[in-house]
Every structure is written in structure tokens, then in C-alpha cells.
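# What the coordinates show
Here's the letter readout for the chains.
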Amino acid sequence: MAKRGAVIDMGRHKLVQSSWRSMDSMAYSEQCEPETRPEFRVYETGMSGQCHAEYQARLAADAKRQAQMQALLDLKQRMIDKDLV
């Protein structure tokens, strides 16, 4: 069995840390990773017709969704007025 005095105290040491700790991961993501959100797709030459058609389709879908929500709100208000809810 080793004597207690055999262990030599080396003093305080710097904590071991990863070299990735100092890296700004958000800046790396913004510059190096591809964009995945559909509203930020890259516009390429010759795509103006397709992009315009896609934009019009999105506007029509948004208008339809808004009309449906308004119809539901109107129905709910009529039900509240008739004390059904």
C-alpha cells in the first residue's frame, strides 16, 4: 500500500474545456448551413413566373383561411347571441 506522502500536489490547474466553446455557433449556422424555411428560398434566374404563381397561390390560400376563420367567428357570435354557448 502506498504511503500518503507519495502523492505530490501539483497545485491548481486550468479546467479542461472544449475548443468549440468559444465558437459562435449561430454565426456559423447563418453563413454555412442551407436555409430551410420555405419563405426564404433562393431566387434563381428564370424563376419569376414560378415565384409569382407560388406567391399568388399563397395569397389565395391565406385569403381562404382568413375567410374560414371569419365565418367561424361569425357563427360563434351568432351562437353566443342566441345563448347556445
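Below, the structure is looked at part by part. (Residues numbered from 1 in each chain as written. Predicted model: local features only at pLDDT ≥ 70, side-chain atom pairs only at ≥ 80, totals over all residues. Heavy atoms only, no water.)

With that settled, the discussion passes to the overall build of the protein chain. Summing up its helical and strand segments, the protein chain has 2 helices and 0 strands in all. Buried residues in the protein chain amount to 1% of all 85 residues. (Helix = DSSP H or I, 4+ residues; strand = E, 2+ residues; numbered from the N terminus. Buried < 20%, exposed > 50% of the residue type's maximum accessible area, 1.4 Å probe, protein only.)

Attention now moves to the pattern of salt bridges. As enumerated under the stated definition, the model contains 2 salt bridges in all. A salt bridge links R58 to E54; its shortest N-O distance comes to 3.4 Å. One end of the pair, R58, and the other, E54, are both in helix α2 (residues 48–81), 4 residues apart, so they sit about a helical turn from each other. (Salt bridge = Lys/Arg side-chain N within 4 Å of Asp/Glu carboxyl O.)

What follows is about unusual backbone geometry. The backbone phi angle of D83 is positive, close to 60°, even though this residue is not glycine. Residue placement: D83 occurs in the segment after α2. The exposed category is assigned to D83, whose relative accessible area is 67%.

Moving on to a nonpolar patch on the surface. A cluster of nonpolar residues, M69, L72, L75, M79, I80, L84 and V85, forms a patch on the protein surface that exposes about 670 Å² of accessible area. Here M79 is to be found in helix α2. Owing to a relative accessible area of 32%, M79 belongs among the partly exposed residues under this scheme. (Patch = residues over 30% accessible without salt bridge, like charges linked within 9 Å, V, L, I, M, F, W, Y side chains within 5 Å. Areas by Shrake-Rupley, 256 points an atom, 1.4 Å probe, with all protein chains shown as cover.)

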